[in-house]
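Listed below are the residues making up each chain.
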Amino acid sequence: MRPKVYHCLSIARRFLHSDQSLKVGVLGVPFDKGQAKKGVGNGPEFIRKKGLLERIAEIEQKIDVKDYGDVSYKIPDELQKEIVPNMKAYADIAACNFEVSKMVEDIIKTGRICITLGGDHSLGVGTVDGHIKAKNENVCVIWVDAHADLNTNKTSSTGNVHGMPMALLATELSDYWPYLPGMDWQKPVLSLRDVAYIGLRSVDTYERLVIDKLGINAFGMEDIENFGINTIVEMALNKIDPAGEKSIHVSFDIDSLDSLEAPSTGTALRGGMTLREGIQLMEILYRTGRLGALDLVEVNPSIGTETEVNRTIDAAIHVIMAALGHCRRGIRPKNVHTLPLQTFPPTRQVI
Ligand SMILES: [Mn+2]
């Protein structure tokens, strides 16, 4: 199939010359029990403090943004004592993701793009599930990550559930799980044919086996190197959404970026994407007009120096801005045709 070309300006024009504004909902999930390091639960607070909502408001096109605050959850009594082998903090995972799924479903049903701030990547179970419910399963997923997060409790070497969300969501792997109490709300209805990975560079043995066996669309760093990020995103979309009619879910693990770009994360790894590639990827997906949800996960403000934490959060905000249409080349003012030249700029100022 011929790769689709998306025109930044045509999309920008659509919003500039209409009263239709992009509607966005921001949801925090201060959850850290899907992995062992403390601090990742403070991601939403730090990202907001660094001015995410203000930065979204600065985007050239009109955006109606609503902050839904943070998800809270309570473990139901019947779940308190439930243990699943090699799934750490199981009851918390089940209870939190239940609330996340409900919130994401509600936000998307109000016509908003749901931006979920993590928290660790175990929350991807809830966000993708909520998106699928809101859109009657017409969803494809782009998992931007250094890791495949495709372990089951039988293959994981750590028992950390942030390495398992894709396996929990996938129809093809549902037979490989034991019965999961308190997770009945989550039916694994997502086919791995509707999933594409971008940015892989640390894949476990069993994950590699599953990827090869099922022929999952997995674009690793060497593919980005060979083809460039533009072509990779087009290849991914042509595979998982050839008709161009699905709602796109992007689950963006900040460790997909090189550890020089985003050092403050639990499993930082060299040899990853540049921030420029992350931004370019999101800009292309924005231009499809079909982005339904974005998770931005695994920012851990307790790791690294203050400079490193700031650099990581700044990278996260750049990725989100690109997803919402911030255009690096700038956009002409709306009334450019009527504006008398002598009044532009009105006064001399240093920008
Ligand atoms: Mn991940």
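Heads up: the structure comes first, above all this text.
Quantities reported herein were computed from a predicted structural model and do not represent experimental measurements. (Residues numbered from 1 in each chain as written. Predicted model: local features only at pLDDT ≥ 70, side-chain atom pairs only at ≥ 80, totals over all residues. Heavy atoms only, no water.)

> Just checking my understanding: could you explain the side chain of E298 for this structure?
Mapped onto the secondary structure, E298 falls in the loop between β8 (291-297) and α11 (306-323). Polar side-chain contacts of E298 include one of 2.8 Å to the side chain of H162. Sequence-distant contacts of E298, that is, excluding residues within four places in its chain, are made with Q35, V40, G119, D120, H121, H162, D253, I254, S264, T265 and G266. (Helix = DSSP H or I, 4+ residues; strand = E, 2+ residues; numbered from the N terminus. Polar contact = N/O pair within 3.5 Å; in protein donor to acceptor, adjacent residues only side chain to side chain. Contact = heavy atoms within 4.5 Å.)

> Mind showing me how you'd approach the packing of aromatic side chains here?
What characterises a pair of aromatic rings is the spacing of the ring centres plus the angle enclosed by the ring planes. Considering all chains together, one arrives at two aromatic pairs under this definition. A cation over a ring is seen here: K49 above F46, with NZ or CZ 5.6 Å from the ring centre. (Phe/Tyr/Trp six-rings, centres within 6.5 Å; stacked < 30°, edge-to-face > 60°. Lys NZ or Arg CZ within 6 Å of the ring centre and 35° of its normal.)

> When you look at the pairing of strand β3 (residues 113-118) in this model, what are you seeing that I'm missing?
Regular strands place their side chains on alternate faces of the sheet. Burial of β3 is extensive: six of the six residues sit out of reach of the surface. Burial along β3 is two-sided: the face carrying I113, I115 and L117 and the face carrying C114, T116 and G118 are both buried. In this structure, strand β1 (residues 22-29) lies alongside β3, joined through six bridges in parallel fashion. Across the sheet, the residue bridging to G25 is C114, located in β3. Note that β3 and β8 share four bridges and pair parallel. Within the sheet, the bridge partner assigned to T116 lies in β8 and is D295. (Buried < 20%, exposed > 50% of the residue type's maximum accessible area, 1.4 Å probe, protein only. Pairing = 2+ DSSP bridges.)

> Is there a simple way to explain the nonpolar core in this structure?
When a protein is soluble and globular, its nonpolar side chains tend to lie buried together. In this structure, I198, F252, M273, M282 and L324 are the most contacted members of the largest nonpolar core, which totals 54 residues. The residues touching L324, leaving out its near neighbours within four places in the chain, are L22, V24, I56, I59, Q61, I63, I113, I115 and Y286. M87, C96, V104 and I211 belong to the second largest nonpolar core, which has 51 residues in total. (Core = buried A, V, L, I, M, F, W, Y, C linked by side-chain atoms within 4.5 Å.)

> How should the packing of helix α9 (residues 229-240) against helix α10 (residues 275-287) be read in this particular structure?
If you want to describe how two helices pack, look at the angle between their axes and the distance between the axes. Between α9 and α10, the shortest axis-to-axis distance is 9 Å and the interhelical angle comes to 40°. In this view, α9 runs oblique relative to α10, as classed from their interaxial angle. By crossing handedness, the relation of α9 to α10 is classed as right-handed. The segment α9 lies against α10, with I229, N230, V233 and L237 engaging E277, Q280, L281, I284 and L285. Residue composition of the contact of α9 with α10, grouped by class: six nonpolar, two polar and one charged. (Axes fitted to C-alpha atoms, helices over the stretch in contact; angles between N-to-C directions. Parallel < 35°, antiparallel > 145°, perpendicular 65-115°, else oblique. Left-handed = near helix turned anticlockwise from the far one by under 90°. Nonpolar A, V, L, I, M, F, W, Y, C, P; charged D, E, K, R; others polar.)

> So what exactly am I meant to see when it comes to the packing of helix α4 (residues 90-109) against helix α5 (residues 124-134) here?
Interhelical geometry of α4 versus α5 gives an angle of 40° and a closest axis separation of 7 Å. Considered as vectors, α4 and α5 are oriented oblique to each other. For the element pair α4 and α5, the recorded crossing hand is right-handed. Residues N97, V100, S101, V104, E105, I108 and K109 of α4 form the contact with α5, whose participating residues are V125, G126, T127, D129, G130, H131, K133 and A134. Taken together, the residues that form the contact of α4 with α5 break down as five nonpolar, six polar and four charged.

> How do you make sense of the environment of V309 when you look at a structure like this?
With respect to the helices and strands, V309 occurs in helix α11. Taking C-alpha positions, V309 is 5.4 Å from S264, a pair spaced 45 residues apart along the chain. Discounting chain neighbours no more than four positions away, the residues touching V309 are F46, S264, P301, I303 and G304.

> Honestly, unusual backbone geometry in this entry has me stumped. Any pointers?
Trans is the common state for peptide bonds, and a negative phi is the common state for residues other than glycine. A cis geometry characterises the amide bond from G118 onward to G119, with omega recorded as 10°. Here G119 is to be found in the loop between β3 and α5. For E137, which is not a glycine, the phi torsion comes out positive at approximately 70°. Mapped onto the elements, E137 comes out in the loop between α5 and β4 (139-144). Although it is not a glycine, E298 adopts a positive phi angle of roughly 75°. Note on E298: relative accessible area 2%, which makes it buried.

> Explain the environment of E60 here, please?
Summarising the element assignment, E60 is placed in the loop between α3 (52-58) and β2 (63-70). For the pair formed by E60 and G325, sequence separation is 265 residues and the distance between their alpha carbons is 8.0 Å.

Without other data, these values stay purely geometric and don't point to any function.
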